Amino acid sequence: MGAERSRLVVALQTGLLRAVAEFAADDRLAPHHARALATAAALDYVLMLATGAAGVRIPHRDAERAMHDGIARAVDDLIIVASAVAEIGTPAASAFAREAATSLRTVVREEALESDSRSFAVIALANA
């Protein structure tokens, strides 16, 4: 599961950082800029837990909960950020939203994070 989870974490982190790098100049992303960066940074810890590189012994149950919670937060934040990017309406913004939807769909399924609000948001991004 470590390698699979690592792949999911990197996909979320990439989406968040790419949104900020490519679309930060647009005012629609401004309210989410700091949160996107903070979540991307927090995913470093999730990645360390997923790969066993945290450097300290953490009870398995606590590590699982921390990874699950960190990934759930990142999913929600990427949905918010990708939705703001989609509102920009340029071809590049729409392409980003669709790519984010693909990553999000995989993460939500593999981490059992399904909910109506997440599903509808991912569908909207896929149709951007």
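Rules used throughout
- Residues numbered from 1 in each chain as written.
- Predicted model: local features only at pLDDT ≥ 70, side-chain atom pairs only at ≥ 80, totals over all residues.
- Heavy atoms only, no water.
- Helix = DSSP H or I, 4+ residues; strand = E, 2+ residues; numbered from the N terminus.
- Salt bridge = Lys/Arg side-chain N within 4 Å of Asp/Glu carboxyl O.
- Buried < 20%, exposed > 50% of the residue type's maximum accessible area, 1.4 Å probe, protein only.
- Axes fitted to C-alpha atoms, helices over the stretch in contact; angles between N-to-C directions.
- Left-handed = near helix turned anticlockwise from the far one by under 90°.
- Contact = heavy atoms within 4.5 Å.
- Nonpolar A, V, L, I, M, F, W, Y, C, P; charged D, E, K, R; others polar.
- Expected span 1.5 Å × (residues − 1).
- Arc of directions from axis to C-beta.

**Description of unusual backbone geometry**
And then number 1: The residue Ala112 is not glycine, and still its phi comes out positive at about 55°.
And then number 2: As for its position among the elements, Ala112 is in the loop between helix H4 (91–110) and helix H5 (116–126).

**A few points about the pattern of salt bridges**
And then number 1: Enumeration according to the criterion identifies eleven salt bridges in this entry.
And then number 2: Arg7 is paired through a salt bridge with Glu110; the nearest N and O atoms lie 3.1 Å apart. With Arg7 in helix H1 (residues 2–23) and Glu110 in helix H4, this residue pair connects regions lying 103 residues apart in the sequence.
And then number 3: Judged by relative accessible area, Arg7 falls into the partly exposed class, the value being 38%.
And then number 4: The partner of Arg18 in a salt bridge is Glu22, with the nearest N and O atoms 2.8 Å apart. Pair noted here: Arg18 and Glu22 are both in helix H1, with a separation of four residues, about one helical turn.
And then number 5: Through salt bridges with shared partners, a single network forms among Glu4, Arg7 and Glu110.

**Things to note about the packing of helix H3 (residues 60–88) against H5**
And then number 1: Two elements in contact, H3 and H5, have axes separated by 10 Å at closest approach and are oriented at 35°. Handedness of the H3/H5 crossing: left-handed. When H3 is examined against H5, the residues Ala72, Val75, Asp76, Ile79, Ala82, Ser83 and Ala86 are found in contact with a partner set consisting of Arg118, Ala121, Val122 and Leu125.
And then number 2: Considering only residue class, the contact of H3 with H5 consists of eight nonpolar, one polar and two charged.

**Overview of helix H2 (residues 33–51)**
For an α-helix, 3.6 residues make a turn, and residues three or four places apart therefore share a direction.
And then number 1: Between its first and last C-alpha, H2 extends 27 Å over 19 residues, near the 27 Å set by a 1.5 Å rise per residue.
And then number 2: Within H2 the residues assigned to the buried category are Ala36, Thr39, Ala40, Leu43, Val46, Leu49 and Ala50.
And then number 3: Two residues or fewer past H2, Gly52 is found with a positive phi of approximately 80°.

**A closer look at H5**
And then number 1: Of the residues making up H5, those classed as buried are Arg118, Ala121, Val122 and Leu125. Projected down its long axis, H5 shows its buried positions confined to an angular sector of 100°, all on one face. For H5, the exposed residues set more than 90 degrees away from the buried face come down to Asp116 and Phe120.
And then number 2: Buried positions along H5 lie against H3 and H4.

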